[in-house]
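The lines below spell out each chain.
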Amino acid sequence: MGYVSTTTHVGGSQVLGIIPTALAEGNFAGKIVGEEFRVPTMQDRIWKMLDNSDAFITLLGGIGTLEEIFQIASWAQLNIHQKPIGQLTVDGFFNKLLSFLD
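These remarks concern the structure in this document.

Cut-off values and rules
- Numbers given to residues run from 1 along each chain, matching the order in which its sequence is written.
- Local features in a predicted model are, by the rule used here, given only for residues with pLDDT of at least 70; side-chain atom pairs are given and counted only at 80 or more, and totals for whole chains, interfaces and linings are based on all residues.
- Note that the side-chain values use all heavy atoms of the structure and ignore hydrogens as well as water.
- The helix and strand labels rest on DSSP assignments: H or I over at least four residues marks a helix, E over at least two residues marks a strand, and numbering proceeds from the N terminus.
- Put simply, the radius of gyration uses C-alpha atoms, and a globule should come to 2.2 Å times the residue count raised to 0.38.
- Think of a salt bridge as a Lys or Arg side-chain nitrogen and an Asp or Glu carboxyl oxygen that are within 4 Å of each other.
- Categorising residues by exposure relies on relative accessible area from a 1.4 Å probe, with only protein chains included: less than 20% of the type maximum marks a residue as buried, more than 50% marks it as exposed, and the intermediate range marks it as partly exposed.

### A short note on the overall build of the chain
Counting secondary structure elements, the chain contains five helices and four strands. Counting helices and strands in the order they occur from the N terminus, the chain gives α-β-α-β-α-β-α-β-α. Taken over C-alpha atoms, the radius of gyration comes to 14 Å for the chain, in line with the 13 Å a tight globule of 102 residues would show. Counting only C-alpha atoms, the chain reaches 35 × 30 × 25 Å along its principal axes.

Shown next, in the form of structure tokens:
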């Protein structure tokens, strides 16, 4: 996320980092660029991302990334939002997951 946010910010685009307080205070966030908005919980983070996003693109990640993309996808199925959702697959990273979901 750091490289993407820094490159986006340097390119002149708006960057909003939404981070749970526990992660920010635990020094997991790295260097902050653009605007930072702290929230109490991961669930609050997802709601805030939903409110501030035009679309969702999943980059390579771990359990937290999967949790967030499944939350956003399930909300789309429930018509809570109709925003586009995509995955950036590098070296087939998401291929097995997408095959399973098919």
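That shown, we press on.
### Looking at the pattern of salt bridges
One pass over the full model with this rule turns up two salt bridges. Between E36 and R38 there is a salt bridge, with its nearest N and O atoms 2.6 Å apart. Exposure remark for E36: the relative accessible area of 29% places this residue in the partly exposed category. Its relative accessible area of 43% is what places R38 among the partly exposed residues. Notably, a salt bridge pairs R45 with E68, separated by 2.1 Å at the nearest N-O pair. Here R45 is found in helix 3 (residues 42-52), whereas its partner E68 is found in helix 4 (residues 63-77), with 23 residues between them in sequence.

Note that all results are geometric; they support no functional claim without further evidence.
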